[in-house]
Amino acid sequence: MKNEYIEQFKQRNLRACQLKQLAILEAIDGLCRRHSIDYWLDGGTLLGAVRHGGFIPWDDDIDIAMRLEDMKRFADAARRELPDGLFLQTQQTEQEVETHITKVRDLNSFYVEAGDNFAASYQKGLYVDIFPFVDYPTAAPSFVKRVTLGISKSYSILHKAHHYSLRSAAEFFWFGAKYCVSKLVWAAANALCSHDTYIGNITINNGYGIMHRRDSVFPTGEIVFEGKRFLAPANPDAYLRDLYRNYMEIPPVEKRKVHSVFLMPELIGNEGCREG
């Protein structure tokens, strides 16, 4: 049953959450510029910048992308320089995290996603997602889509929680074999094809098989998002068409949904930090 009180609570707090996420993005942007680390707005955040000049009105997260080889430099700098209250979340900083997406979390907030595991103690504050991008083989888009779907779907099923049953055993063997075969095919494509044309998210994050021409991403430019300038792909139009096709079309009302199950912009206010 849908709880209208929770829905109203999310709507009332959405803008405050967006502004807190914007502050996280500003901290990331400042760190990247100081260390000459390239990043760019990605996904719904780039779409919001182009179509709305800021957040998509019903969006409750921020997406950016970065080359995988730049991630280590970013992580090293982030551990030293992120402002108090922000936390770099990776599989190295919190071993219970299952996703391969780096996040910068705000510790003084709360954000519940459908897949969150409350038996695990990893941080669950508001965040900015940082997707790791790698060079892709110059292969037919249909081939790339088929293979990356096989890798990402198999990986997801193999790493989700299972109960002992005949079905889970069958899934283990079927998707285990599919994952191995898909990885071998992808390795062969990487060995046989050039890598000077396309770039995309790492395969386990790329179930849709989306890849972008490198010249639509680099050299990165700037775009205005919520009145501030951030790094963006060189050709936002081409990048967004890869993702959404007709991206300027506003979705119907029933699809304008906040992603989170629950969100709270602040756990402890300033008054909660006073002594006495």
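Draft legend 1. The arrangement of the overall build of the protein in detail. The helix and strand tally for the protein stands at 7 helices and 11 strands. The globule rule puts the C-alpha radius of gyration for 276 residues at 19 Å, and the 20 Å found for the protein is close to it. The dimensions of the protein, computed from C-alpha atoms along their principal axes, are 65 × 50 × 45 Å. Counting the 276 residues in the protein, one finds 45% classified as buried. For the protein, restricting intrachain contacts to residue pairs at least 6 apart in sequence, the fraction spanning at least 24 positions comes to 70%. For the protein, the exposed area adds up to about 15100 Å²; of that, 56% sits on carbon and sulfur atoms.

Draft legend 2. Representation of the packing of helix α4 (residues 141-159) against helix α5 (residues 166-192) in the model. Orientation of α4 relative to α5, taken along the N-to-C sense of each, is 140 degrees, at an axis distance of 8 Å. Crossing of α4 over α5 shows left-handed handedness. Side by side, α4 and α5 meet where Phe 143, Val 144, Val 147, Thr 148, Gly 150, Ile 151, Lys 153, Ser 154, Tyr 155, Ile 157 and Leu 158 of the first sit next to Glu 171, Phe 172, Phe 175, Gly 176, Lys 178, Tyr 179, Ser 182, Lys 183, Val 185, Trp 186 and Ala 189 of the second. Its residues placed into classes, the contact of α4 with α5 shows 13 nonpolar, 5 polar and 4 charged.

Draft legend 3. Quick peek at the packing of helix α1 (residues 4-34) against helix α3 (residues 68-81). It is the contact of α1 with α3, at a shortest axis distance of 10 Å, that shows an interaxial angle of 120 degrees. By the angle between their axes, α1 is oblique relative to α3. Once α1 is placed against α3, the crossing between them reads as right-handed. Contacts from Ile 28, Leu 31, Cys 32 and Arg 34 in α1 reach Phe 74, Ala 77, Ala 78 and Glu 81 in α3. Of the residues belonging to the contact of α1 with α3, the class tally is 6 nonpolar, no polar and 2 charged.

Draft legend 4. Broad picture of the layout of surface pockets. The calculated volume of the second largest pocket comes to roughly 290 Å³. Around the second largest pocket sit 14 residues that line it, and Met 71, Thr 90, Gln 91, Gln 92 and Thr 102 are the ones nearest its centre. Counting residues per element, the lining of the second largest pocket draws most heavily on α3, which supplies 4 residues. For the lining of the second largest pocket, the residue count by class is 7 nonpolar, 6 polar and 1 charged.

Draft legend 5. The pairing of strand β7 (residues 198-201), seen in detail. Pairing geometry for strand β6 (residues 127-136) and β7, over 4 bridges, is antiparallel. Counterpart to Phe 133 in the pairing with β7 is Asn 201. Relative to strand β8 (residues 212-213), β7 is paired through 2 bridges, and the arrangement is antiparallel. The residue bridging Ile 199 from the neighbouring strand is His 212, located in β8.

Draft legend 6. Quick peek at the nonpolar core. Membership of the largest hydrophobic core comes to 46 residues, with the highest contact counts inside it found for Ile 28, Leu 41, Ile 64, Phe 74, Val 104 and Phe 225. When residues in this core are grouped by element, the largest group, 7 residues, is from α1. Among all residues touching Phe 74, those that are not within four sequence positions of it are Ile 28, Leu 31, Cys 32, Ile 37, Met 66, Leu 88, Val 104 and Ile 130. Counting residues in hydrophobic clusters, the runner-up holds 11 residues, among them Tyr 136, Ala 139, Val 144 and Tyr 155.

Draft legend 7. Expanded view of the pattern of salt bridges. Applying the stated criterion to the full structure yields 18 salt bridges. The partner of Asp 76 in a salt bridge is Lys 72, with the nearest N and O atoms 3.0 Å apart. On the criterion of helical spacing, the pair formed by Asp 76 and Lys 72 is a turn pair, its members being 4 residues apart in helix α3. Given the relative accessible area of 59%, Lys 72 is considered exposed.

Definitions and limits used
Residues numbered from 1 in each chain as written. Predicted model: local features only at pLDDT ≥ 70, side-chain atom pairs only at ≥ 80, totals over all residues. Heavy atoms only, no water. Helix = DSSP H or I, 4+ residues; strand = E, 2+ residues; numbered from the N terminus. Rg over C-alpha atoms; globule rule 2.2 N^0.38 Å. Buried < 20%, exposed > 50% of the residue type's maximum accessible area, 1.4 Å probe, protein only. Contact = heavy atoms within 4.5 Å. Areas by Shrake-Rupley, 256 points an atom, 1.4 Å probe, with all protein chains shown as cover. Axes fitted to C-alpha atoms, helices over the stretch in contact; angles between N-to-C directions. Left-handed = near helix turned anticlockwise from the far one by under 90°. Nonpolar A, V, L, I, M, F, W, Y, C, P; charged D, E, K, R; others polar. Parallel < 35°, antiparallel > 145°, perpendicular 65-115°, else oblique. 1 Å grid on protein atoms, 1.4 Å probe; cavity = no way out; pocket = protein on both sides within 12 Å on 5 of 7 lines; lining within 4 Å. Points joined across faces, edges and corners; volume = space filled by probe spheres on them. Pairing = 2+ DSSP bridges. Core = buried A, V, L, I, M, F, W, Y, C linked by side-chain atoms within 4.5 Å. Salt bridge = Lys/Arg side-chain N within 4 Å of Asp/Glu carboxyl O.

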